[in-house]
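Tertiary structure, described
Single-letter residue listing:
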Amino acid sequence: MKAPRVTLDQWRTLQAVVDHGGFAQAAEALHRSQSSVSYTVARMQDQLGVPLLRIDGRKAVLTDAGEVLLRRSRQLVKNASQLEDLAHHMEQGWEAEVRLVVDAAYPNARLVRALSAFMPQSRGCRVRLREEVLSGVEELLIEGVADLAICGFSIPGYLGTEMSDVEFVAVAHPEHTLHRMNRELSFQDLESQMQVVIRDSGRQQPRDVGWLGAEQRWTVGSLATAAAFVGSGLGFAWLPRHMIERELSEGVLKQLPLEQGGSRHPTFYLYSNKDKPLGPATQILVELLRTFDTAPLDAPFAAPWQA
């Protein structure tokens, strides 16, 4: 890669000349001599082979090329400053990245709120978000791949923080055979119908969760696929209510009138990697996840504006 001929200090100097209205003003702002500032800009123009400033009366004005290059240089200088800030924060123990693994049934709306609130406080810390199903979350936490995990069941050997529950409801297409019975349904009624279930993404000890008594069963890879199958009339399933609100309101899906067990409410838990102390960024994210976990899913929300 070709080494740059112009330094960040030179770009900063040019920006100061333009922003402060001249060489003398830039020299005062930068705590340098005017001759040093003038030489830096002149040397910069020679290195680039392009005139950046022209004298208009007693004032230095950007040329067309200067305007383009200055505009691009502002992002360059900003990125360099952010990189230096990140190195400083890392030296103080601030994490470069937080790895968050979440069960796919947990409401995305709560994650969006928490992560949006985290962004302006992150100091450059990235979040690596990964969705898994059932024991897939547990495995990544135990393997040390996750710093934080949100799981829909208790993980042995870990002390989790209790979060909200998620309502799963038994649904089928309104024209499904089960709905055409026009009465309360028993588990015996379900046994002869096809059930759509979501595959556990774990590899070591996959879990079976919920009622799995149907003689026919199709296993799919995601909740979205399950909802699409059931909405097309292919079987019935227990699905998170927050994910299918629109389908329910539009009549694409309809809740099954079960005598019992038509809905279930598993509690979710927030876990941290017990073999790794929580860094300051992770601690902030934990508090935000807990705070927004209780927020109504339909509450108004505006993402923070980013410069």
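Calculation criteria
- Residues numbered from 1 in each chain as written.
- Predicted model: local features only at pLDDT ≥ 70, side-chain atom pairs only at ≥ 80, totals over all residues.
- Heavy atoms only, no water.
- Helix = DSSP H or I, 4+ residues; strand = E, 2+ residues; numbered from the N terminus.
- Buried < 20%, exposed > 50% of the residue type's maximum accessible area, 1.4 Å probe, protein only.
- Core = buried A, V, L, I, M, F, W, Y, C linked by side-chain atoms within 4.5 Å.
- Contact = heavy atoms within 4.5 Å.
- Polar contact = N/O pair within 3.5 Å; in protein donor to acceptor, adjacent residues only side chain to side chain.
- Phe/Tyr/Trp six-rings, centres within 6.5 Å; stacked < 30°, edge-to-face > 60°.
- Lys NZ or Arg CZ within 6 Å of the ring centre and 35° of its normal.
- Pairing = 2+ DSSP bridges.
- Axes fitted to C-alpha atoms, helices over the stretch in contact; angles between N-to-C directions.
- Arc of directions from axis to C-beta.
- 1 Å grid on protein atoms, 1.4 Å probe; cavity = no way out; pocket = protein on both sides within 12 Å on 5 of 7 lines; lining within 4 Å.
- Points joined across faces, edges and corners; volume = space filled by probe spheres on them.

**Some remarks on unusual backbone geometry**
Backbone geometry at His 31 places phi at a positive 60 degrees, although glycine is not the residue there. Looking at the secondary structure, you find His 31 in the loop between helix H2 (23-30) and helix H3 (34-48). Phi angles above zero are rare outside glycine, and Arg 123 is one such case at about 55 degrees. The class of Arg 123 is partly exposed, set by a relative accessible area of 43%.

**Regarding the nonpolar core**
Formed by 60 residues in total, the largest nonpolar core has its most connected members in Leu 148, Ile 150, Phe 236, Leu 239, Leu 256 and Leu 289. With residues up to four places along the chain from it excluded, the contact list for Leu 148 reads Val 98, Arg 99, Leu 100, Val 101, Leu 270, Tyr 271, Ser 272, Leu 278, Thr 282, Leu 285, Val 286 and Leu 289. In this structure, Trp 11, Phe 23, Ala 26 and Leu 62 belong to the second largest nonpolar core, which totals 17 residues.

**Here's the deal with the side chain of Glu 132**
By the secondary structure assignment, Glu 132 is in strand S4 (residues 126-132). A polar contact of 2.7 Å, which involves the side chain of Glu 132, links it to the side chain of Arg 130. At 2.6 Å, the side chain of Glu 132 and the side chain of Ser 201 are in polar contact. Leave out the neighbours within four places in its chain, and Glu 132 touches Val 101, Val 102, Asp 103, Ala 104, Val 137, Leu 140 and Ser 201.

**Remarks on the packing of aromatic side chains**
Geometrically, a pair of aromatic rings is defined through the distance of the ring centres and the angle of the planes. All told, the structure shown has 5 aromatic pairs when counted by the stated rule. With a centroid separation of 6.0 Å and an interplanar angle of 70 degrees, the aromatic rings of Phe 236 and Trp 238 are classed as edge-to-face. Accessibility assignment for this pair places Phe 236 and Trp 238 in one class, buried. An aromatic cluster is built from Tyr 158, Tyr 269 and Tyr 271, whose rings are joined through pairwise contacts. Its end group placed over the ring of Phe 168, Arg 264 keeps NZ or CZ at 4.5 Å from the ring centre.

**Regarding the sheet that holds strand S3 (residues 97-103)**
The mixed open sheet is built from 5 strands, whose spatial order is S4-S3-S5-S13-S6. The open sheet has two edge strands with one neighbour each: S4 and strand S6 (161-165). Recorded for the sheet is a direction-independent mean angle of 20 degrees between the axes of neighbouring strands.

**Examining H2**
Each α-helix turn comprises 3.6 residues. Residues three or four places apart therefore point the same way. All buried positions along H2 are accounted for by Phe 23, Ala 26 and Ala 27. What you see down the axis of H2 is that its buried residues fit within an arc of 100 degrees, all on one side. A positive phi of about 60 degrees marks His 31, the residue just after H2.

**With respect to the environment of Val 50**
As for its position among the elements, Val 50 is in the loop between H3 and strand S1 (53-56). For the pair formed by Val 50 and Gly 66, sequence separation is 16 residues and the distance between their alpha carbons is 8.1 Å. Not counting residues within four places of it along the chain, the set of residues in contact with Val 50 comprises Gln 45 and Ala 65.

**Observations concerning the layout of surface pockets**
By volume, the largest pocket amounts to about 510 Å³. Around the largest pocket sit 27 residues that line it, and Val 133, Leu 134, Ile 198, Val 209 and Arg 264 are the ones nearest its centre. Counting residues per element, the ones that place at least two in the lining of the largest pocket are strand S8 (194-198) and strand S9 (216-220). By residue number, the principal contributor to the lining of the largest pocket is S8, which donates 4 residues.

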